[in-house]
Amino acid sequence: MMHEGELTVQRRAGFTGSGWGSAGVRAAVPAVAAEFLARQRLLVIAAADGDGALWASPLTGPPGFAAAPDERTVVVDRLPAAGDPLAGLFDEEHDVGMLALEPGSRRRMRVNGRARRDGSGLRVRTEQVYANCPKYIQTRTPDGDGTPEGPRTVARSGEVAEDQLRWIAGADTFFVATRAPGKGADASHRGGAPGFVRVTGARRLTWPDYAGNAMFMTLGNLELDPRCGLLFLDWEGGRALHLTGRARIDWDPERAAAVPGAQRLVDFDVERVVEVAGALPQRWTFGGYSRFNPPVTT
């Protein structure tokens, strides 16, 4: 599938090879991907709500809660819970992006397609299935049996609170939801040393775009639709911080040069905030930072 947003970003970034990005991605789930998926305890999904706002949300469960019963289907024995920004969305079929992340092995795979509620879970008809490189993934291992440790509570706001800004400023990982009209949704991962996401305005966050696999699927989507969702996880405490807003790629080489490792910067303007306590029943123990993380300067 040709994606004009990706092609625009690839050309501007100096990549001119053909068949890259979504053009080289297949719809089938290969056997090795099905085996990987069946081991996972954490998925992140991305979708647009009824107003068109993009959100990223976690789905968690024991190994086997996600599976690929055939090469064009993924089933997940979970739905976004009450209070989640995507709760109830999949009663009707919607575009969905899905990221399966295994922090312990620094492996990840993405599944994009169309999803609909199936009983108490999701059924996804796959359109794009592909693996990503292990760069910028911090190692973490699941701790315990995933039993919830406290009540689930939800707080909504139109702005980011001070304690949430501190959370963001100390994060080493977040997830990004994007979409391209008529071409589907996508969930992606961003990682770096703590402080790589900077608070640069009253409602603005900025992060560096580091060298990756040069597919530019996230940036390509933003080229066509600036709406974007971010998800920050409290790995030890079980909270989830959902942000939705609009993102813009800044191609100014002088501005990027001031940030170690940045090839370009992305500015994100926050429009709505949802914090969910008790969103992650499974706790994760930190292992180590990726050796690819560039240093962070203040």
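The rules behind these values
Residues numbered from 1 in each chain as written. Predicted model: local features only at pLDDT ≥ 70, side-chain atom pairs only at ≥ 80, totals over all residues. Heavy atoms only, no water. Disulfide = S-S within 2.5 Å. Buried < 20%, exposed > 50% of the residue type's maximum accessible area, 1.4 Å probe, protein only. Helix = DSSP H or I, 4+ residues; strand = E, 2+ residues; numbered from the N terminus. Pairing = 2+ DSSP bridges. Phe/Tyr/Trp six-rings, centres within 6.5 Å; stacked < 30°, edge-to-face > 60°. Lys NZ or Arg CZ within 6 Å of the ring centre and 35° of its normal. Axes fitted to C-alpha atoms, helices over the stretch in contact; angles between N-to-C directions. 1 Å grid on protein atoms, 1.4 Å probe; cavity = no way out; pocket = protein on both sides within 12 Å on 5 of 7 lines; lining within 4 Å. Points joined across faces, edges and corners; volume = space filled by probe spheres on them. Nonpolar A, V, L, I, M, F, W, Y, C, P; charged D, E, K, R; others polar.

A.B. asks: Let's hear about the state of the cysteines: which residues, and what values?
C.D. replies: Note: disulfide means a covalent bond formed between the sulfur atoms of two cysteine side chains. According to the stated counting rule, one finds zero disulfides in the structure shown. Of the cysteine sulfurs around Cys228, a residue in no disulfide, the closest is that of Cys133, at 19 Å.

A.B. asks: Tell me about the pairing of strand S2 (residues 54–60), residues and numbers included.
C.D. replies: With seven of its seven residues buried, S2 lies for the most part within the structure. By the alternation rule, side chains of S2 split into Leu54, Ala56, Pro58 and Thr60 and Trp55, Ser57 and Leu59, which are all buried. As paired strands, strand S1 (residues 42–48) and S2 are joined by seven bridges and run antiparallel to one another. Note on S2: the bridge partner recorded for Leu43 is Leu59.

A.B. asks: Could you give an account of the packing of aromatic side chains, with specific residues and numbers?
C.D. replies: By the definition in use, this model includes eight aromatic pairs. Put simply, the rings of Phe174, Phe196, Trp207, Phe232 and Phe268 touch in pairs and so form one group of aromatic residues. The lysine or arginine in question, Arg239, covers the ring of Trp167, its NZ or CZ lying 4.1 Å from the ring centre.

A.B. asks: Mind laying out the sheet that holds strand S6 (residues 107–118), listing which residues take part and the relevant values?
C.D. replies: Spatially, S2-S1-S5-S6-S7-S4-S3 is the arrangement adopted by the seven strands of the open sheet, whose pairing is antiparallel. Unpaired on one side and paired on the other, S2 and strand S3 (66–70) mark the two borders of the sheet. If you compare each strand with its neighbour and ignore which way they point, the axes differ by 35° on average. Note that strand S5 (residues 94–102) and S6 share nine bridges and pair antiparallel. For Met98, the partnering residue across the bridge sits in S6 and is Val111.

A.B. asks: Please provide a residue-by-residue account of the layout of surface pockets, values included.
C.D. replies: Leftover empty space is mapped by rolling, across the atoms, a probe with the size of a water molecule. Taken as a whole, the largest pocket holds about 390 Å³ of empty space. Forming the boundary of the largest pocket are 26 residues, of which Arg190, Asp209, Tyr210, Gly212 and Asn213 lie nearest the centre. Those elements giving two or more residues to the lining of the largest pocket turn out to be S6, strand S11 (184–191), strand S13 (204–209) and helix H4 (217–224). It is S11 that contributes the most residues to the lining of the largest pocket, four residues altogether. Of the residues belonging to the lining of the largest pocket, the class tally is 12 nonpolar, eight polar and six charged. If you add up the space inside the second largest pocket, you get close to 320 Å³. With three residues, S2 is the single largest residue contributor to the lining of the second largest pocket. When the residues that make up the lining of the second largest pocket are grouped by side-chain class, the tally is nine nonpolar, seven polar and five charged.

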